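Geometric and topological summary
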Amino acid sequence: MSQRKGKARAIPADAGAIFLPYQSRWIQDEARLKLMEKARQIGLSWSSAYACVERSAAQGARYDQWVSSRDDLQARLFIEDCKTFAGILNIAAQDLGEVVLDPKGRISAYVIEFSSGKRIHSMSSNPDAQAGKRGARLLDEFALHPDPRKLWSVAYPGITWGGQMEVISTHRGSHNFFNQLVREVREGGNPKQISLHRVTLQDALEQGFLYKLQHMLAADDERMGMDEAAYFDFIRSGCADEESFQQEYMCAAADDDAAFLEYDLIASAEYPRGHDWAQRESGPLFVGIDIGRKQDLTVLWVLEKLGDTYYTRHVQALRGMRKSDQEKHLWPWIERSHRTCIDATGLGIGWSDDAQDAYGKFKVEAVTFTSASKEAMAYPVRAHMEDSKLRIPFDQHIRADLRSLSKQTSSAGNIRFTAERGPGGHADHFWALALALHADSHPSGVPHVASRARRSELLGQLHGY
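Analysis parameters
Residues numbered from 1 in each chain as written. Predicted model: local features only at pLDDT ≥ 70, side-chain atom pairs only at ≥ 80, totals over all residues. Heavy atoms only, no water. Helix = DSSP H or I, 4+ residues; strand = E, 2+ residues; numbered from the N terminus. Buried < 20%, exposed > 50% of the residue type's maximum accessible area, 1.4 Å probe, protein only. Contact = heavy atoms within 4.5 Å. Areas by Shrake-Rupley, 256 points an atom, 1.4 Å probe, with all protein chains shown as cover. Lys, Arg positive; Asp, Glu negative; His and termini not counted. Charge placed at Lys NZ, Arg CZ, Asp CG, Glu CD. Core = buried A, V, L, I, M, F, W, Y, C linked by side-chain atoms within 4.5 Å. Pairing = 2+ DSSP bridges. Axes fitted to C-alpha atoms, helices over the stretch in contact; angles between N-to-C directions. Parallel < 35°, antiparallel > 145°, perpendicular 65-115°, else oblique. Nonpolar A, V, L, I, M, F, W, Y, C, P; charged D, E, K, R; others polar. Patch = residues over 30% accessible without salt bridge, like charges linked within 9 Å, V, L, I, M, F, W, Y side chains within 5 Å. Salt bridge = Lys/Arg side-chain N within 4 Å of Asp/Glu carboxyl O. Expected span 1.5 Å × (residues − 1). Bend = angle between axes of the 7 residues up to and from the residue.

**Focus: the overall build of the protein chain**
When helices and strands are tallied, the protein chain shows 16 helices and 16 strands. Oriented by its inertia axes, the alpha-carbon framework of the protein chain measures out at about 85 × 55 × 50 Å. In the protein chain, buried positions account for 48% of the 465 residues. The long-range share in the protein chain, meaning contacts at least 24 apart out of those at least 6 apart in sequence, stands at 69%. For the protein chain, the computed accessible surface area is about 21900 Å², with 48% contributed by carbon and sulfur atoms. Taking the average location of the 57 positive side-chain charges in the protein chain and that of its 62 negative ones, the two points are 2 Å from each other.

**Quick word on the nonpolar core**
Formed by 47 residues in total, the largest nonpolar core has its most connected members in Ile120, Leu201, Phe209 and Tyr231. Of all elements in the fold, only α1 (21-28), α2 (44-57), α3 (72-88), β4 (107-114), α6 (201-206), α7 (209-214), α8 (228-238) and α9 (242-249) reach the threshold of two or more residues within this core. Beyond its immediate chain neighbours, meaning those up to four positions away, Leu201 contacts Ala39, Tyr231, Phe232, Ile235, Phe245, Tyr249 and Met250. Counting residues in hydrophobic clusters, the runner-up holds 35 residues, among them Leu402, Ala427, Ala434 and Leu435.

**With respect to the sheet that holds strand β5 (residues 119-123)**
Taken together, 8 strands build an open sheet; the order of strands is β3-β4-β5-β2-β6-β7-β1-β8 and the sheet is mixed. Both edges of this open sheet fall to β3 (93-102) and β8 (195-199), since each of them pairs with a single strand only. Each strand axis lies, on average, 15 degrees off the axis of its neighbour in the sheet, ignoring direction. As paired strands, β4 and β5 are joined by 4 bridges and run antiparallel to one another. In the strand pairing of β5, Val111 is matched with His121. α3 rests against β2 (65-68), β3, β4, β5 and β6 (136-140) of the sheet, and its axis sits at about 0 degrees to β4.

**A closer look at the packing of helix α13 (residues 371-386) against helix α15 (residues 428-438)**
Two packed helices can be described by the angle between their axes and the distance between those axes. Running from N to C, α13 and α15 cross one another at 90 degrees; their axes reach a closest spacing of 9 Å. In terms of orientation, α13 lies roughly perpendicular with respect to α15. Where α13 abuts α15, its residues Lys374, Met377, Ala378, Pro380, Val381 and His384 lie against Phe430, Trp431, Leu433, Ala434, Leu435, Leu437 and His438. A per-class count over the contact of α13 with α15 returns 10 nonpolar, 2 polar and 1 charged.

**Let's talk about the side chain of His197**
In this fold, His197 is placed in strand β8. Residue classification places His197 among the buried residues on the basis of a relative accessible area of 14%. Beyond its immediate sequence surroundings of up to four residues, His197 is in contact with Arg25, Trp26, Asp29, Leu35, Met36 and Glu37.

**Thoughts on a nonpolar patch on the surface**
On the surface, Ile18, Trp46, Ile88 and Leu89 cluster together to form a nonpolar patch covering roughly 360 Å² of accessible area. Turning to its location among the elements, Ile88 is positioned in helix α3. On the basis of relative accessible area, Ile88 is assigned to the exposed category, the value being 55%.

**Concerning helix α11 (residues 323-336)**
Look at α11: 20 Å from first C-alpha to last across 14 residues, which is about the 20 Å you get at 1.5 Å a residue. Maximum bend of α11: about 40 degrees, positioned at His329, with proline Pro332 one to four residues after it. What α11 keeps buried is the set Gln326, Glu327, Leu330, Trp331, Trp333 and Ile334.

The following block contains the structure:
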């Protein structure tokens, strides 16, 4: 890096070194058990790929490396990083591609082999893939695995005959096993003798992260003109909320005791990244609409029921739009739904009246939010997640909104559900989802369908003819 680029002020002491100080400390730590709590995207997985190559390719290397990533894509990217480092180090490595480890369990790994005879196996998150295999372990994005406790339990015996077990992750809630390990080190006397590392975004910036980043960015990238303080604020402002920023970048586990839905529970209900979750099949649609106008969002949530499981097929948030403009987005979904529940609190009364005039009181249920009705709708959301009978999109803003709801119990024993109002809404996504689930509950009253003439009149007004 002979020519300086960007406006970073924190310059590493060895500006030409491949690794920053926190990466070097991690690579050089030879402790049997290592744990890294870290900020997002600061190069720890990348530097760990180098360490795996260095250990596996060394003459006299004794252990294979077994790497567990959060999904198949990350497993492939990790092995690509390993191949890149093998090239930089001029180490001969044979790419064996995807190797089937267990045909019956459909477990496979991306594998490269060195002249030492040792291999790096990069796998996705299935804990069973770790069973019965000896050698060093790297558990990447540990907290994001479906069952971190099981993954640790299955992986740990693999180092009985030697090798390290390295755990790298950002946090995902205070109840997650990863956070329990961190607290055990700090507060419980460290009985497992874990070597604990911690790198926040602030730590990384102070050690030259932005300097390194700006040497990789295009000249016209907006981050090229930032110093560390500006970049810190840039990252913070882009997060879904402050809790997300503190957890994703500042190593502060979100408080699961303060939220109605735990992080792990929400994550267990999310579709995999890249999944085409909007693709409909043949089940009935149930729609929930939480009404907002100025401060809050109007959120539409559409569920398709297949068997006993609800699959999200459409989510739409509308902000600051006139009622007539919002109806153009909402009414077609009511038309095709089996039933719709709509927030009839405050300004929602008029919406509910119009929707019922068009589609009838059986198809459209007006729901007034009270402490009792909120409690009746909130618990089924959690129960369906716990029973693995609800699928929701993988989206940081939706996750933050679902997390924003808290349950409070008064001195008289009464339960209240509250949420702080923020830029992303006021638990509007949560209540839209709750209403959609409630739409499949057994309605009271006699089915009613608006007359064809009345419906045509309303739809004609809506579309301007």
